[in-house]
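Read off the chains here:
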Amino acid sequence: DSKDQSNPAIWQDRIVWHDNRNGDYDIYLYDIAAAREQRITNDSHNQVTPAIWGDRIVWQDGRNGKYDIYLYDLTTSTESAISTNPAYQARPAIDGDTVVWDDYRNWNETPDIYRYDVVSNTEQRVTTDPAHQWYAAISDDHIVWLDNRNGNFDIYAYDLQSGTEQAI
């Protein structure tokens, strides 16, 4: 398409991205094995920065006047809000039943990392330092992020099993 497509993410044979072909950004899915494209979102506000794992797609969604985190389940064809806090939420990542993102609710200008368990429908604040923690990623039981609490950029990790955080 002649409009912008950007921010691709992939899981096995499924690719997601945000696409501006309809005048605002929507989330699209391409299934390589089936050679089929599918529009996931159809709202007049921007939906951007998708991530995918299994049958779940997450993204940041601007339909409520600021960005929230939403999830789409390909198995049930249902969409749900993960976090609609009045503050700004951004850059979600997903692995299995866990979604992580940058969240500005506690420090206004400096984000924390939050996580959401899809099965138990529970949210947890992962970081509490007043410095910037952002660009979260997750794999298995480990969350990692960029952190500037020491005055420079460092990588930190959080172990979901032990509940411990460490500088890498």
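What counts and what doesn't
- Residues numbered from 1 in each chain as written.
- Predicted model: local features only at pLDDT ≥ 70, side-chain atom pairs only at ≥ 80, totals over all residues.
- Heavy atoms only, no water.
- Pairing = 2+ DSSP bridges.
- Helix = DSSP H or I, 4+ residues; strand = E, 2+ residues; numbered from the N terminus.
- Axes fitted to C-alpha atoms, helices over the stretch in contact; angles between N-to-C directions.
- Salt bridge = Lys/Arg side-chain N within 4 Å of Asp/Glu carboxyl O.
- Buried < 20%, exposed > 50% of the residue type's maximum accessible area, 1.4 Å probe, protein only.
- Contact = heavy atoms within 4.5 Å.
- Phe/Tyr/Trp six-rings, centres within 6.5 Å; stacked < 30°, edge-to-face > 60°.
- Lys NZ or Arg CZ within 6 Å of the ring centre and 35° of its normal.

Caption draft 1: Structural detail: the sheet that holds strand E14 (residues 142-147). The four strands lie next to each other as E13-E14-E15-E16, forming an open sheet whose pairing is antiparallel. Each edge of the open sheet carries a strand with a single partner, namely strand E13 (133-139) and strand E16 (164-167). Ignoring strand direction, the axes of neighbouring strands in this sheet form an average angle of 25°. Of the pairings in the sheet, the one linking E13 to E14 comprises five bridges and is antiparallel in character. Paired with isoleucine 138 across the two strands is isoleucine 143, which belongs to E14.

Caption draft 2: Summary view of the pattern of salt bridges. All told, the structure shown has 14 salt bridges when counted by the stated rule. Linking arginine 91 and aspartate 102 is a salt bridge whose minimum nitrogen-to-oxygen distance equals 2.7 Å. With arginine 91 in strand E9 (residues 89-95) and aspartate 102 in strand E10 (residues 98-103), this residue pair connects regions lying 11 residues apart in the sequence. Between aspartate 103 and arginine 105 there is a salt bridge, and its shortest N-O distance comes to 2.8 Å. A single network of salt bridges, built from pairs that share partners, joins Asp19, Arg21 and Glu37.

Caption draft 3: Up close: the sheet that holds strand E11 (residues 112-117). Here we have four strands laid out as an open sheet, ordered E9-E10-E11-E12, and antiparallel in their pairing. Both outer strands of the open sheet, E9 and strand E12 (122-125), are each paired with one neighbouring strand and no more. When the angles between neighbouring strand axes are averaged without regard to direction, this sheet yields 25°. For E11 and E12, the ladder comprises four bridges, and the chain directions are antiparallel.

Caption draft 4: Here's a closer look at the pairing of E10. In terms of residue burial, E10 counts as a mostly covered element, since six of its six residues are buried. In this sheet, E10 lies alongside E9 in antiparallel orientation, the contact comprising five bridges. Opposite alanine 90, over in E10, you have aspartate 102 as the bridge partner. Connecting E9 to the antiparallel partner E10 that follows it, the hairpin turn spans two residues, and glycine 96 within it adopts a positive phi of roughly 60°.

Caption draft 5: Here's a closer look at unusual backbone geometry. Residues other than glycine seldom take positive phi values, yet asparagine 7 does so here, at roughly 55°. Note on placement: asparagine 7 falls in strand E1 (residues 5-11). Judged by relative accessible area, which is 36%, asparagine 7 ranks as partly exposed. Look at glutamine 12: it is not a glycine, yet its phi comes out positive at around 50°.

Caption draft 6: Seen up close, the environment of alanine 93. Here alanine 93 shows up in strand E9. Considering only alpha carbons, one finds alanine 93 and arginine 115, 22 residues apart in sequence, at a separation of 9.4 Å. Once you skip the residues sitting within four places of it in the chain, alanine 93 turns out to touch Ala51, Val58, Thr98, Val99, Val100, Ala136, Ala137 and Ile138.

Caption draft 7: Summary view of the packing of aromatic side chains. Counted under the stated rule, the structure contains nine aromatic pairs. Note on tryptophan 17 and tyrosine 28: the rings are 6.0 Å apart at their centroids and 15° apart in plane angle, and the pair reads as stacked. A residue pair is termed long-range when its members are at least 10 positions apart, and tryptophan 17 in strand E2 (residues 14-19) and tyrosine 28 in strand E3 (residues 26-31) qualify at 11 residues. Look at tyrosine 88 and tyrosine 104: their rings are 5.3 Å apart centre to centre, the planes differ by 70°, and that puts the pair in the edge-to-face class. You can see tyrosine 88 sitting in the loop between strand E8 (78-83) and E9 and its partner tyrosine 104 sitting in the loop between E10 and E11, a full 16 residues away along the chain. Joined through ring pairs, the aromatic side chains of Tyr67, Tyr88 and Tyr104 make up one cluster. Sitting over the ring of tyrosine 28, arginine 21 keeps its end group 4.1 Å from the ring centre. Here the basic side chain of arginine 91 rests over the ring of tyrosine 135, its NZ or CZ set 4.3 Å away from the ring centre.

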